[in-house]
Amino acid sequence: MKIAVFPGSFDPFTLAHQDLVERALPLFDKIIIAVGYNANKNGMLDHDERVQAIRGVFDDIKAVEVQKYDGLTVDFCDQVGARFILRGLRNTNDFEFENAIAQNNLLLNHKVESYFLMSRSGTAHISSTIVRDVWYNGGDIRAMVPFNIIDLLNKKRAVRK
């Protein structure tokens with residue numbers, strides 16, 4: 001079985017992330033969206049909220065799982081039996097960064113290979129950082145984030161007021 005791990009903080013999960021997973025589905029038997037934990041980040045959504053929100057995006061797709069993890073991505077890959085890491089590339093800066101990570105991951109675990117997909121035209125401009133900035137400043141993020149995640153963020157905004 002070909003299992004890929006798509007790791008990230010996903011704060012929040014965007015339409016670009018969703019598009020990447022959907023386009024990668026024909027390549028793998030299973031894709032595990034691995035929601036990383038970073039104690040140093042104070043994000044929009046807590047770890048469990050991110051996991052639940054992303055599960056809601058893929059409720060009807062059995063080949064997609066969403067799990068939390070911490071530690072090294074290659075160690076998580078071993079735990080779940082994955083031999084592939086899936087990453088998206090928006091531009092040459094992403095390539096340089098992701099290439100360095102992929103090379104180091106190979107040093108840490110030569111059995112796990114990184115696969116890169118280029119962002120589709122129309123999603124390459126979307127990043128979680130930009131979404132956070134737009135949302136925190138009251139902007140419209142409907143063209144950047146799946147609807148169920150927008151609903152969750154709006155509920156959080158209402159509680160904050």
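Residues numbered from 1 in each chain as written. Predicted model: local features only at pLDDT ≥ 70, side-chain atom pairs only at ≥ 80, totals over all residues. Heavy atoms only, no water.

- In the nomenclature of an unreviewed UniProt entry, the protein is known as Phosphopantetheine adenylyltransferase of Sphingobacterium thalpophilum.
- What UniProt records for the protein under Subcellular location (unreviewed entry) is the sentence "Cytoplasm".
- Recorded in UniProt for the protein, the comment headed Subunit (unreviewed entry) runs: "Homohexamer." (UniProt positions renumbered as here; feature names shortened; annotations may be inferred.)

## Section: the sheet that holds strand β5 (residues 113-118)
- Strands sit in the order β3-β2-β1-β4-β5 across an open sheet of 5 strands; the sheet is parallel. Both outer strands of the open sheet, β3 (64-69) and β5, are each paired with one neighbouring strand and no more. In this sheet, neighbouring strand axes are inclined to one another by 30° on average, regardless of whether the strands run parallel or antiparallel.
- Sheet topology note: the strand β4 (residues 84-89)/β5 ladder contains 6 bridges and is parallel. Paired with Leu89 across the strands is Met118, a residue of β5.
- In the packing of helix α3 (residues 73-80) onto the sheet, the strands contacted are β1 (3-8), β2 (30-36), β3 and β4, and the crossing angle to β1 comes to about 145°. (Pairing = 2+ DSSP bridges. Helix = DSSP H or I, 4+ residues; strand = E, 2+ residues; numbered from the N terminus. Axes fitted to C-alpha atoms, helices over the stretch in contact; angles between N-to-C directions. Contact = heavy atoms within 4.5 Å.)

## A look at the side chain of Asn105
- Following the sequence through the fold, Asn105 ends up in helix α4 (residues 92-108).
- The exposure class of Asn105 is buried, given its relative accessible area of 11%.
- Leaving out residues up to four positions away in the same chain, Asn105 has contacts with Val74 and Ile85. (Buried < 20%, exposed > 50% of the residue type's maximum accessible area, 1.4 Å probe, protein only.)

## Some words on unusual backbone geometry
- The omega angle of the peptide bond from Asp11 to Pro12 is 5°, so this bond is cis rather than trans.
- When you line up the elements, Pro12 lands in the loop between β1 and α1 (15-24).
- Phi at Phe10 takes a positive value of approximately 50°, unusual for a residue other than glycine.
- Residue placement: Phe10 occurs in the loop between β1 and α1.
- Taking relative accessible area as the criterion, Phe10 reaches 4% and is therefore assigned buried.

## Looking at the side chain of Gln18
- Secondary-structure assignment places Gln18 in helix α1.
- Aside from chain neighbours lying at most four places away, what touches Gln18 is Phe13, Val57, Phe58 and Pro146.

## Notes on helix α5 (residues 128-136)
- Residues of α5 that are buried: Ser128, Val131, Arg132 and Trp135. Projected onto a plane normal to the axis of α5, the buried residues spread over an arc of 100° and lie on a single side.
- A positive backbone phi angle near 80° is found at Gly138, which sits one or two residues after α5. (Arc of directions from axis to C-beta.)

## Some remarks on the environment of Gly56
- Tracing the chain through its elements places Gly56 in helix α2 (residues 47-57).
- Given a relative accessible area of 32%, Gly56 falls into the partly exposed group.
- Counting along the chain gives 58 residues from Gly56 to Ser114, while the straight-line C-alpha distance between them is 26 Å.

## What about the UniProt feature "binding site: substrate" (unreviewed entry) in the protein?
- Per the UniProt record, "binding site: substrate" (unreviewed entry) is annotated on Ser9, Lys41, Thr73 and Arg87.
- With a relative accessible area of 25%, Ser9 lands in the partly exposed category.

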